[in-house]
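# Structure assessment
For reference, the chains in residue letters:
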Amino acid sequence: MDDSSTLHVQKHVEFIKSLDNKKDLESLLTEHIRMNGAYWGLTALDLMGSLNDLDQDKIISWILQCQHDCGGFGGNIGHDPHILYTLSAVQILALYDKLAVLDSSKIASYITGLQQNDGSFYGDEWGEIDTRFSYGAICCLALLRRLDAINLEKAITYIVSCKNFDGGFGSTPGGESHAGQIFCCVAALAIAGSLHYVDKDLLGWWLCERQVKSGGLNGRPEKLPDVCYSWWVLSSLAILDRVHWIDRESLKTFILDCQDIENGGISDRPDDAVDVFHTYFGVAGLSLLEYPGLKHIDPAYALPVNVVKRVFS
Amino acid sequence: MHGRPRKRGGGDGGASEQKEKAKIAFLEPLQAQVLQNHHNCCYTKEALQKNARLLELNPEVNTAWNYRKLALRHLIASEQDVEVHKALAREELRVIEMALARNYKSYGAWHHRKWVIGLGLSLLENEFRLLDKFMDADARNFHAWDYRRHVASVQGAALEKELEFTRKKIYDNFSNYSAWHKRSTLLSQLFKENGVDILKHSTLSSEFELVHQAFFTEPDDQSAWFYYNWLLDHAAAAPDPKLLSTWPSDAVLITIDEQSEPSQLLHFRGISGLEETILLEGVPIFLCFSKPVTGVSGLTVSVQSVPDSKQALHGLWKPVANKGGASNIWSADLNHFTDAKIKKRVYELSYNVRIEIGSTQGIISQDGHPFLGPVHLTFVLRSTFVGSYIVKDDIHGEQNLKIVEDDKWEPHPEQALAAQSLSMLEKVTWSEKLMKEEIGLCRELLELESSSKWATLTLARLLEVQQNISQDKRLTLRNNTAEVLQLYEKLTRIDPSHAEYYQDRHSLNLLDQITSDSAQLKERWSIGLHGSVLGRDIGILWLNGLSLSKLGYMERLLSLQMLDLSYNHLRALDGLEALQFLVHLNLSHNLVSCVHTLRPISKLQRLRSLDISHNKLTGNSYTGSGVSVAVCWDLSSKNRMATPSSHTFEYLNDIEDVFKCMNLEELAIAGNPGASDNQFRVSLLESLPSLKLLDCKSVP
Ligand SMILES: [Zn+2]
């Protein structure tokens, strides 16, 4: 099986599991975003049918230690709260079907406090504004079934104000379209039932033009392809119902070519160093491409479809 | 995490490993110390230096930036001297520059800079100098562009200055998409501030010149082509919503045969040009706009019927497909004007109905552009009654009885909907001239680069735009469509990875051609062949076997009652909701997968017979409409039947969701995954009690 024409599921599972106790420079440098890392790793494990390979109780107790009195979560114990880590924490608990351990009103009031008059969201108390945080707020509250806690109409208006000439979305009004930002805006609008604000044909065309000759996807015109865009671009296309506008087979090949078939994990481009971020996005991209044996992922909530169905059942 | 080469083999205990160990040994206690100082609110010089050292090595640690803000706030509060404050701010900017030198994509560092600048202790001019440095290093750095926008807005920089900056960046490198993007935002702002067409025309003309230089230099570079596409949109059409079609259309005569009270049989000239009949319980009006609008109401649309003008409408205007209060299609019902029963056993009564759309301002597209009305349409309703029921007192008199000569009411489609004002005419002329020139240029480029995908696609777009804005649409259409269809076929060949995108465009053009040509419609039309499903003969339009992958121009077929779309490649059904008179729809042998793709069908209140057999229906996961199950969280999840455990049955619930408000009598669903299963069929029948025929078998 020394080839990259198939997904080496077991290797990737082992790679993700090995991160749990790793003490190398990489894990030290990313200590502050461990909550994101845990979400990426655990979601990838769940898509590969191995969520229970790690100690659930230990993880949940660690997550709860990252919560602050204000309701928000930090990226790790001792780090300041931020909406992005709060979203990851909630997503992980959804994976484990343990949303009940959370005080959802407390989290909701944290997020409510971050919304501004124009509908935008601060990432934390320090005032950075970005549509990534709009997604964080909307996705998180939807999972907690507390969308009533914010002014959703204004939140939508703000996201729409970030729409560009190419149909894409930027971080703030006037910001350049970028596939990651587009995912955040399109997914947030989808969750809010407001996809009619998206010019699906225009944006879909721009997104499908992200595919380069190698089959991989880039995040902006004239940029290099990268596995993480398999997720950002593909999930957006899936929400817009236009996945068929790209060549799925060559994308699949590109992602598989980025596997480290020796030690597991997936990298940004072939023969680069692997990390949990790209491993997750590679697996999630393959899931959207209906790779056999993987669970289906929901393109808006970035969680397995069965998890989302369970939350809303 | 990006662009680092993969290490081969296991650890060898070599020099690089030693180096990593040393780094860990330095970094680990440093991170711990910085966090500890943060928790203890320790803002000494030494603590700040430690923090700076960490950020210089790892600028991504957000909490460390938060600490610096708290520290700075504390130090400023404990010191009166403004010069000291300024020095503190300078030190912050220095630390940020060190961090950005490590990673110029650090969100935390850039935001900290905004925050520090926001204190008003630093010179903004220095910021432009720093930005020049970053832009020289990477002209696509969107953090730098974002920061530049921020500083420019704080400073109140002139629009022209920023426009000039983008021009310079574009001339440096035509592939600088960031600069093209920025230019689009600046021009949009300019157009918004000076809504004068003259300015817009001259500005657009010089923009076209700029793009020509770019794509003649780098024809394979997509940046300029995307910008060109946007310019084209601006030049071709004003963004205001247009009225595309109505039912009844302007200047038609509709004869109402009231024998079948309370339903009425309406006779009118249908899309084939032949007379058709439709059985209705009233006379509805439909207005189709080019984009979703709000504000359609009794205030903005006046409806008068002469002679009976007391209360022309029954009820309110309603959106047909509600998109957050907005809709492309709005409907209302005319008052049943035979309420006033006349003391005649046999009578004939004619009413002129005059509608003014946009009589007052208030119809606004979802993206904020007002409808530039008013548009008028007038049609005649002639009611005949040859019955024997007892009629009540006479309200109206003999004077209301009028006979209108038939030949006076030839249909004149699109007459009222053509150019709506003089200024628009001028604009059309300007645009038409422009399109001609641009098409010429594009052909020139294609002669040099015959296999250029971008030039080919752009030529197709230009020809599409030309036929849309043309004064003599029919003529241009005949000339252009054949070429456009060929261009998309060529694109499918030279750029196969986007084949399905080009096929969608191909489908739209094909439908444009068919639906705007009454001869073609007549050819695809037949009556009676399909039997008289509902007790009378109605015509059917055959759009089967055309390789259609996408629908469009349905608003031109408003009066359609039967439609055959079988044996196409349809995945999505957006637009079908316009066919409000549809009673029979054949979608068999298409590629519909997610049940939620069927949602437009649920808006078709008169639909009785649906053939969706031999598609690929699956559950309501991401695969179809993209609207994931959870996206539809607002849809009722109550009243669900117990979900059968088998995966293939998952879409039963979703089918129920889609069809529950309809009165389907006939459904064909065979040839979809799991649809032959007996349990599936039993559950389906339970959830759709109106069904009389399932896959051609009578329902017991
Ligand atoms: Zn990446």
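Let me sum up the structure you'll find in this document. Sequence order as written defines residue numbering, which begins from 1 separately in each chain. The order in which chains are written sets their letters, starting at A; the order in which ligands are written sets their numbers, starting at 1. Note on the predicted model: pLDDT of at least 70 is required for a residue's local features to be given, and 80 or more for side-chain atom pairs to be given and counted; whole-chain, interface and lining totals, by contrast, use all residues. The side-chain figures draw on all heavy atoms in the structure; neither hydrogens nor water molecules are used.

## Regarding the overall build of chain A
- Working definition: helices are DSSP H or I runs of at least four residues, strands are E runs of at least two. Numbering for both runs from the N terminus. Within chain A, the secondary structure is distributed over 14 helices and six strands.
- We take the radius of gyration over the C-alpha atoms and set the globule estimate at 2.2 Å times the residue count to the 0.38 power. On C-alpha atoms alone, chain A measures out to a radius of gyration of 18 Å, which is about the 20 Å that the 2.2 N^0.38 rule sets for 313 residues.
- Along the three orthogonal principal directions, the C-alpha set of chain A runs to about 55 × 45 × 40 Å.
- Burial classes: relative accessible area under 20% of the type maximum marks a residue as buried, over 50% as exposed, and values in between as partly exposed (1.4 Å probe, protein chains only). Counting only residues that meet the buried cut, chain A has 68% of its 313 residues in that class.
- Each accessible area is a Shrake-Rupley estimate made with a 1.4 Å probe; only the visible protein chains count as cover when residues are assessed. Carbon and sulfur atoms form 49% of the exposed surface of chain A, whose accessible area is close to 9800 Å².
- Distance between charge centroids for chain A: 4 Å, based on 25 positive and 41 negative side chains. Just so you know, the count uses Lys and Arg for positive and Asp and Glu for negative, and it drops His and the chain ends. Throughout, a charge is located at the NZ atom of Lys, the CZ atom of Arg, the CG atom of Asp or the CD atom of Glu.

## A closer look at the coordination of the zinc ion
- Each metal's donors comprise the N, O and S atoms found within 2.8 Å of it (within 3.2 Å for Na, K or Ca). Water is not part of the atom list, so some coordination spheres may appear incomplete. Surrounding the zinc ion are the protein donor atoms Asp226 of chain A (OD), Asp226 of chain A (OD), Cys228 of chain A (SG), His278 of chain A (NE2) and His2 of chain B (NE2), which sit 2.0 to 2.5 Å from the metal. Placement of the pair is Asp226 of chain A in the loop between α10 (200-208) and α11 (227-239) and His278 of chain A in helix α13 (residues 276-288), with a sequence separation of 52 residues. One exposure class covers both Asp226 of chain A and His278 of chain A, and it is buried.

## Things to note about the pairing of strand β13 (residues 539-542) of chain B
Residue and element names in this part refer to chain B.
- By the bridge criterion, three bridges tie strand β12 (residues 525-527) to β13 in an arrangement that is antiparallel. When the sheet's bridge partners are listed, Ile527 is paired in β13 with Gly539.
- Paired strands, as defined in this entry, are two strands with at least two bridges between them according to DSSP. With two bridges connecting them, β13 and strand β14 (residues 562-564) associate as parallel partners. Across the sheet, residue Trp542 finds its bridge partner in β14, namely Asp564.

## Let's talk about helix α9 (residues 179-191) of chain A
Residues and elements named next belong to chain A.
- What a helix should span is 1.5 Å times the count of its residues minus one. Taking 1.5 Å per residue, 13 residues should reach 18 Å; α9 reaches 18 Å between its end C-alpha atoms and fits that length.
- The element α9 is extensively covered by neighbouring structure, given that 13 of its 13 residues are classed as buried.
- Where α9 terminates, the next one or two residues include Gly193, which has phi positive at roughly 65 degrees.

## What to know about helix α4 (residues 56-65) of chain A
Residue and element names in this part refer to chain A.
- Within α4, burial applies to Ile59, Ile60, Trp62 and Ile63. In an axial view of α4, the angular spread of the buried residues amounts to 160 degrees, which keeps them on one side of the axis. When the buried face of α4 is taken as reference, the exposed residues oriented beyond 90 degrees from it are Asp57 and Gln65.
- Whenever two N or O atoms come within 3.5 Å, that pair is a polar contact, provided that in protein one can donate a hydrogen and the other can accept it, and provided that, for residues adjacent in sequence, both atoms are side-chain atoms. Between a side-chain oxygen at the N-terminus of α4 and the backbone nitrogen of Asp57 the separation is 3.1 Å; the capping residue is Asp55. Of all possible arcs, the one meant is that of the directions from the helix axis to the C-beta atoms.

## Focus on the pairing of strand β5 (residues 283-294) of chain B
Residue and element names in this part refer to chain B.
- Here β5 lies mainly inside the structure; 10 of its 12 residues are buried.
- In the sheet, strand β1 (residues 243-247) pairs with β5 via four bridges, with the strands oriented antiparallel. Residue Ser245 lies in a different strand from β5, and its bridge partner there is Cys288.
- Inspection of the sheet shows β5 paired to strand β8 (residues 327-334) by seven bridges, in the antiparallel sense. Across the sheet, the residue bridging to Ile285 is Ala332, located in β8.
- Bridging between β5 and strand β10 (residues 364-365) involves two bridges; their strand directions are antiparallel. Across the sheet, the residue bridging to Thr294 is Ile364, located in β10.

## Some words on a negative patch on the surface
- On the surface, a cluster of negative charge is made up of Glu222 of chain A together with Glu218, Asp220 and Glu449 of chain B.
- When you line up the elements, Asp220 of chain B lands in the loop between α10 (197-217) and α11 (222-236). To count toward a patch, a residue needs a relative accessible area above 30% and no salt bridge. Like charges then connect within 9 Å, nonpolar side chains (Val, Leu, Ile, Met, Phe, Trp, Tyr) within 5 Å. Should a side-chain nitrogen of Lys or Arg be within 4 Å of a carboxyl oxygen of Asp or Glu, the pair is scored as a salt bridge.

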